[in-house]
Amino acid sequence: ALFTIDRDGVSGNESGSGSDADEIEEGDEEEGRHHYADESSEEDVEEEGVSGSAWVDDDDEQITVSLSKSERIKKLRKSMTEDVVKGSTYEQRLRERFQQTASATSRTDWATLPQEDSDEGDASSSGDESSTRSTGRLTTRRGGDYDTDDSEDDFGGNSKMSALLSSTAPLLANSKLQSNILSVVRCPDANAGHYNDSVVKSVQFHPGSDEDEPLMLTAGLDKTLRFFKINGSEGSKKVHGIHFPNLPIHTASFLGDTGSVVVSGRRPFFYIYDMISGKIDKVPRIQGRKEKSLEKFTTSPDGSLIAFIGNDGYIILVEAKSKMWVADFKMNGSARAVSFSPCGDFIISSGSDGDVYRWDLRSKKCVDKFQNQDGTITSFVSATSRFTAVGAESGVVNLYHDRAPAFKKRTPVKSIMNLQTSIDHMKFNPTGDILAMSSQREKDSLKLLHVPTQTVFSNWPTSKTPLGYVWSIDFSPKSKFMAIGNDKGKCMLYKLQHYD
């Protein structure tokens with residue numbers, strides 16, 4: 001088999017299938033997936049006031065399917081002894097299985113219409129009266145037509161808008177973050193029960209997932225990519241995983257808020273995995289390039305571009321959709337670090353010569369260059385809309401303001417010297433208030449910087465915080481959670497109460 005996909009998660013253990021993974025080959029199609037209608041009848045649907053299925057196959061009730069005949073559908077059984085079920089039952093279980101696996105990774109909230117207030121529902125449900133749902137200046141009528149509302153509205157029917165206007169709390173949420181004390185609560189490990197068999201090289205939250213229950217991925221040298229649904233103190237649930245037999249994973253990253261993930265390692269090829277369809281595309285080589293390793297890369301905020309670190313100081317730009325080479329950016333020294341700006345219009349890179357470059361993706365030219373004052377080899381860079389953080393092999397992190405004149409000598413706003421070994425990872429939280437810095441070369445080497453005051457939080461982490469050797473860090477959307485991957489295969493999860 002070319003790939004091994006594990007879609008069991010938590011539900012897989014409940015089903016009693018006894019199998020951790022399914023083996024599928026490229027081009028395979030799921031057996032017996034020819035059922036189309038819901039099990040419920042049209043009469044029941046009409047009673048609930050919901051439109052029925054477009055088409056119902058009467059033969060579904062006459063078809064029988066053996067759940068123990070194929071390894072692919074054994075997980076649909078409710079017990080080990082269950083075998084033959086009706087076609088409608090088989091269809092319903094396929095739907096449930098999809099919702100627990102692939103559907104969990106796809107965003108469908110954009111298709112959900114706002115709900116009517118319950119107290120107004122009865123009064124406005126009779127006849128064809130023009131009952132509307134207010135969504136700003138756009139209103140939705142019962143017939144499905146959209147119309148603009150020109151009348152003045154006091155936002156009485158919009159609870160979210162009323163809450164926003166009645167209090168300044170949402171606007172001043174970041175002001176609750178103190179400069180020296182960070183309120184942190186440890187949650188159960190994000191990958192508890194499904195720990196990596198190696199160091200966790202990559203951990204990342206899906207940028208478009210729910211802020212209270214975000215989707216997260218982990219990957220490492222055990223060649224397995226895993227997805228988890230984070231639920232804080234209640235524990236996380238594994239959604240599914242996929243094994244790449246010939247690729248120890250060094251870097252894995254979501255392509256923006258799409259349903260795709262880029263996976264690479266110390267190989268001349270890389271993969272793009274579509275979580276929704278389960279399709280895996282292998283890109284055997286970047287056209288015109290002879291790199292033997294594509295282990296380091298970063299993706300643009302919108303997921304349209306991938307920037308790989310190449311040989312001889314080259315930054316290789318690849319379009320994610322076409323998987324084709326777009327451009328090369330050449331540095332003077334060897335490239336060691338690369339990052340996209342939050343707006344996605346620039347790439348920041350640095351390397352062995354300590355120079356920091358800013359590349360304009362529209363003109364494909366270098367628009368800024370300055371020498372990092374540390375003077376040693378740059379190991380990592382990260383950026384917000386205001387600051388650029390440059391980490392060096394000496395353990396020093398310099399924070400630079402982006403408003404300085406281009407191509408001029410630059411003095412850092414702050415030099416952070418709390419770590420003594422090479423900076424291997426840095427990450428700003430989504431609001432830009434916190435900068436996480438870590439080194440994988442020394443145990444428990446993690447520090448968090450309060451960016452507005454350029455001070456390091458003194459109360460956390462402590463000497464008793466069981467971090468281990470930190471290999472990866474990420475913040476969830478809205479900064480509610482922070483995930484830390486270590487050398488023991490654990491992905492530790494912490495809740496930042498200032499953003500809860």
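Since this is a predicted model, take the numbers as computed values, not measurements.

**Some words on the overall build of the chain**
When helices and strands are tallied, the chain shows 5 helices and 35 strands. Here the chain holds 500 residues, and 48% of them are scored as buried. A sequence separation of at least 24 residues applies to 47% of the contacts in the chain between residues at least 6 apart. Carbon and sulfur atoms make up 47% of the accessible area of the chain, which totals about 25,200 Å².

**As for the nonpolar core**
The nonpolar side chains of a soluble globular protein tend to be buried, and buried together. Within the largest apolar cluster, 19 residues are counted, with the highest numbers of intra-cluster contacts made by Leu225, Phe227, Phe244, Ala252, Val261 and Val263. Mapped onto this core, the elements with two or more residues apiece are strand E10 (215-220), strand E11 (224-229), strand E12 (237-243), strand E13 (249-254), strand E14 (260-265) and strand E15 (270-274). Leave out the neighbours within four places in its chain, and leucine 225 touches Leu217, Thr218, Ala219, His240, Gly241, Ile242, Phe244, Ile249, Ala252, Val261, Val263 and Tyr273. Leu177, Leu182, Leu467 and Ile484 belong to the second-largest nonpolar core, a separate cluster that totals 18 residues.

**Quick word on the pairing of strand E24 (residues 365-371)**
Within a regular beta strand, the side chains point alternately toward one face of the sheet and then the other, so they alternate between its two faces. Bridge count for strand E23 (residues 355-360) against E24 is 6 bridges, and the pairing is antiparallel. Its bridge partner lying in E24, aspartate 360 is registered against lysine 365. Between the end of E23 and the start of E24, which pair antiparallel, lie 4 residues, with lysine 364 showing a positive phi angle near 60°.

**Some points on the pattern of salt bridges**
Applying the stated criterion across every chain yields a total of 20 salt bridges. Across the salt bridge formed by glutamate 91 and arginine 95, the nearest N and O atoms sit 3.0 Å from each other. Taken together, the residues glutamate 91 and arginine 95, both in helix H3 (residues 87-100) and 4 residues apart, mark about one turn of the helix. Residue glutamate 91 is classed as buried on the basis of its relative accessible area, which comes to 5%. If you follow the salt bridges from partner to partner, you end up with Asp212, Lys480, Lys495 and Asp500 in one network.

**Quick look at a negative patch on the surface**
Residues Asp210, Glu211, Glu213 and Glu234 make up a contiguous surface patch of negative charge. Within the secondary structure layout, glutamate 211 lies in the loop between strand E9 (200-205) and E10. For glutamate 211, a relative accessible area of 35% puts it in the partly exposed group.

**With respect to the sheet that holds strand E25 (residues 378-383)**
The 4 strands lie next to each other as E25-E26-E27-E28, forming an open sheet whose pairing is antiparallel. In this open sheet, the two edge strands, each paired with only one partner strand, are E25 and strand E28 (414-416). Taking the axes of each pair of neighbouring strands and ignoring which way they run, one obtains an average angle of 20° across the sheet. Of the pairings in the sheet, the one linking E25 to strand E26 (residues 387-392) comprises 5 bridges and is antiparallel in character. Across the sheet, residue valine 381 finds its bridge partner in E26, namely valine 390.

**Considering the confidence of the model for the chain**
Confidence in the prediction for the chain averages 82 pLDDT; 74% of positions are at 70 or higher. Contacts for the low-pLDDT stretch residues 168-174, under 50 throughout, to residues beyond four places or in other chains number 5 contacts.

**Overview of the side chain of lysine 480**
By secondary structure assignment, the location of lysine 480 is in the loop between strand E33 (470-475) and strand E34 (481-486). Within the local environment of lysine 480, its side chain forms a polar contact with the side chain of aspartate 212, the two groups lying 3.2 Å apart. If near-sequence neighbours (up to four positions away) are discounted, lysine 480 is found in contact with Glu211, Asp212, Tyr494, Lys495, Leu496, Tyr499 and Asp500.

**Let's talk about the environment of arginine 97**
With respect to the helices and strands, arginine 97 occurs in helix H3. Placed 22 residues apart in sequence, arginine 97 and lysine 75 show a C-alpha to C-alpha distance of 9.0 Å.

**Concerning the sheet that holds E13**
Strand order in the open sheet formed by 4 strands is E13-E14-E15-E16, with antiparallel pairing between adjacent strands. Of all the strands in the sheet, just E13 and strand E16 (280-283) have a single pairing partner and so form its edges. The mean inter-strand angle of the sheet, taken between neighbouring strand axes irrespective of direction, is 20°. Relative to E16, E15 runs antiparallel, the two being bridged by 4 bridges. Within E16, the residue paired with isoleucine 272 across the bridge is aspartate 281.

Rules used throughout
Residues numbered from 1 in each chain as written. Predicted model: local features only at pLDDT ≥ 70, side-chain atom pairs only at ≥ 80, totals over all residues. Heavy atoms only, no water. Helix = DSSP H or I, 4+ residues; strand = E, 2+ residues; numbered from the N terminus. Buried < 20%, exposed > 50% of the residue type's maximum accessible area, 1.4 Å probe, protein only. Contact = heavy atoms within 4.5 Å. Areas by Shrake-Rupley, 256 points an atom, 1.4 Å probe, with all protein chains shown as cover. Core = buried A, V, L, I, M, F, W, Y, C linked by side-chain atoms within 4.5 Å. Pairing = 2+ DSSP bridges. Salt bridge = Lys/Arg side-chain N within 4 Å of Asp/Glu carboxyl O. Patch = residues over 30% accessible without salt bridge, like charges linked within 9 Å, V, L, I, M, F, W, Y side chains within 5 Å. Lys, Arg positive; Asp, Glu negative; His and termini not counted. Charge placed at Lys NZ, Arg CZ, Asp CG, Glu CD. Axes fitted to C-alpha atoms, helices over the stretch in contact; angles between N-to-C directions. pLDDT = per-residue confidence, 0-100. Polar contact = N/O pair within 3.5 Å; in protein donor to acceptor, adjacent residues only side chain to side chain.

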